[in-house]
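Take a look at the letters that make up each chain.
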Amino acid sequence: MRKLGVYIKATRLPFTSASVLPVIVTAVWCWNRGEFSFVHAISAVLGAFFLHLGANLMNDYYDTFGSDPINKNPTPFSGGSRVVVNGEMSAREVFVFASFFYILAGITGILLFFNERKLIILFGFAGAMLGFLYSASPVSFMSRGMGEIVIFLAFGPLLTGGAGYVITGKVDLIHFLIGIPPGIFTTAILWINQFPDIEADSEAGKRNLVVRLGVDSAKKGYYFLIFLGFLSIIILALTGVYPVYTIIGLFALPIAFKIFKILSSFKNLKELVPAQAMTIMLQGLVTILVGIGVLLDKI
């Protein structure tokens, strides 16, 4: 049982809400339009889930040889799972575990391929490569100031575009547009989680945007991301991509203001932990509220 707990810890399972919830919203949107298949919707959720777990573990594997051992400010939400650093798993075990989930995602894709979803090969390969190359050297998007763009695509337009294709059997621009708000808010999770890691990332050569901008400018970058996330909901609702009821996503604004207050005045990196937790909560709540808005349109 103890080993099972270590495996679950290594996957960073709670973070999978960032991939699963947008797929569920896409499924609800397709159902609202009368283009829904329960089996294909479940397959889309499972595929995203497996790819996300594989990417989490692969990130831990590569950070084991980079920033994790020298990170003096790990938090429950940043600094990796720490299973290798703490001696709970070997780096090889983490790599094998990551490969296991990539294989599960591949099997899901193969089954879809033979169930009239031929283009899943392209969507699945793109998602897997973004997740893998986000961390894997020598590409390592996260070290080149491109990780934030990769996260936006992988947890936003590409994710919902692929899910929409799996569920409906059609490639539709609207399916990609659905993913813009969740992609932005998931990028905000990555962004704020990079603050406690800034010293270790810099020393390890992980030149993400927070490292490149520095703390003061990166704060402004976070504010901009949250503003852009809420603005995108308004624009998508006004243009008819989202039903007008999805404006209820703005009900999550009070959480954003609480995060802004913490971020604007923190003195110690440990003080950011509540803001990290609230950013995850914000992404989940906004996505759920948008999903409810889509349901209300059907009712």
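Calculation criteria
Starting from 1, residues in each chain are numbered consecutively following that chain's sequence as written. Local features in a predicted model are, by the rule used here, given only for residues with pLDDT of at least 70; side-chain atom pairs are given and counted only at 80 or more, and totals for whole chains, interfaces and linings are based on all residues. Remark: hydrogens and water are excluded; side-chain values derive from all non-hydrogen atoms of the structure. By definition, any uninterrupted DSSP run of H or I lasting at least four residues is a helix, any uninterrupted run of E lasting at least two residues is a strand, and each is numbered from the N terminus. Here the globule rule is a power law, 2.2 Å times the number of residues to the power 0.38, and the radius of gyration is based on C-alpha atoms. Note on exposure labels: buried denotes an accessible area under 20% of the residue type's maximum, exposed denotes more than 50%, and partly exposed covers the range between, all computed with a 1.4 Å probe on protein chains only. Here, residues are in contact when the closest pair of their heavy atoms is within 4.5 Å. Note on areas: Shrake-Rupley, 1.4 Å probe, and residue coverage restricted to the protein chains presented here. Counting rule applied: Lys, Arg positive; Asp, Glu negative; His and chain ends not counted. Think of each charge as sitting on NZ of Lys, CZ of Arg, CG of Asp or CD of Glu. Each patch groups residues whose relative accessible area exceeds 30% and which form no salt bridge, using 9 Å between like charges and 5 Å between nonpolar side chains of Val, Leu, Ile, Met, Phe, Trp and Tyr. The salt bridge criterion pairs a side-chain nitrogen of Lys or Arg with a carboxyl oxygen of Asp or Glu, the two atoms within 4 Å. Working rule for helices: expected span equals 1.5 Å times residues minus one. Ring geometry is summarised as follows: Phe, Tyr and Trp rings, the Trp one being its six-membered ring, pair when their centres sit within 6.5 Å, and such pairs are stacked at plane angles under 30 degrees, edge-to-face over 60 and tilted between the two.

Novice: Before we move on, can you summarise the overall build of the protein with the specific residues and values?
Specialist: Each helix and strand in the protein was counted, giving 14 helices and 0 strands. Mapped in sequence order, the helices and strands of the protein form the string α-α-α-α-α-α-α-α-α-α-α-α-α-α. Taken over C-alpha atoms, the radius of gyration comes to 19 Å for the protein, in line with the 19 Å a tight globule of 299 residues would show. Counting only C-alpha atoms and orienting by the principal axes, one finds that the protein spans roughly 50 × 45 × 35 Å. Every one of the 299 residues in the protein was classed for burial, and the buried ones make up 55%. The contacts of the protein with a sequence gap of at least 6 include a subset with a gap of at least 24, amounting to 76%. Of the accessible surface of the protein, which amounts to about 13400 Å², a share of 71% is contributed by carbon and sulfur atoms. For the protein, the distance from the average site of its 22 positive side-chain charges to the average site of its 16 negative ones is 2 Å.

Novice: Please give an account of a nonpolar patch on the surface that cites residues and values.
Specialist: Side chains of Trp 31, Phe 36, Phe 38, Val 39, Ile 42, Leu 46 and Leu 295 sit close together on the surface and give an oily, nonpolar patch of about 650 Å² of accessible area. Considering each element in turn, the nonpolar patch owes the most residues, 4 residues, to helix α3 (residues 38-63). Note on placement: Leu 46 falls in helix α3.

Novice: Tell me what's going on with the pattern of salt bridges, and back it up with residues and numbers.
Specialist: According to the stated counting rule, one finds 6 salt bridges in the structure shown. A salt bridge links Lys 9 to Glu 88, with the nearest nitrogen and oxygen atoms 2.9 Å apart. With Lys 9 in helix α1 (residues 2-11) and Glu 88 in the loop between α3 and α4 (91-113), this residue pair connects regions lying 79 residues apart in the sequence. Assessed through its relative accessible area of 34%, Lys 9 is described here as partly exposed. Residue classification places Glu 88 among the partly exposed residues on the basis of a relative accessible area of 22%. The partner of Asp 63 in a salt bridge is Lys 206, and the shortest N-O contact between them spans 3.3 Å. With a gap of 143 residues between them, Asp 63 in helix α3 and Lys 206 in the loop between α10 (198-204) and α11 (209-213) connect regions that are remote in the sequence. Assigned by exposure class, Asp 63 and Lys 206 land together as buried. Each of the salt bridges in this network shares a partner with another, and the network as a whole consists of Asp 63, Asp 201 and Lys 206.

Novice: For α4, give the residues involved together with the corresponding values.
Specialist: Taking 1.5 Å of rise per residue, 23 residues should cover 33 Å, and α4 covers 33 Å from first to last C-alpha, within 8% of that figure. Among the residues of α4, those classed as buried are Ala 91, Val 94, Phe 97, Ala 98, Phe 101, Tyr 102, Ala 105, Thr 108, Gly 109 and Leu 112.

Novice: Which residues make up the packing of aromatic side chains, and what values do they have?
Specialist: Under the criterion given, the structure shown has 16 aromatic pairs. Pairing Phe 123 with Tyr 165 gives two aromatic rings, centres 5.6 Å apart and planes at 25°, and the pair type is stacked. Placement of Phe 123 in helix α5 (residues 120-133) and of Tyr 165 in helix α7 (residues 157-168) is noted, with a sequence separation of 42 residues between them. Each member of the pair, Phe 123 together with Tyr 165, is buried.

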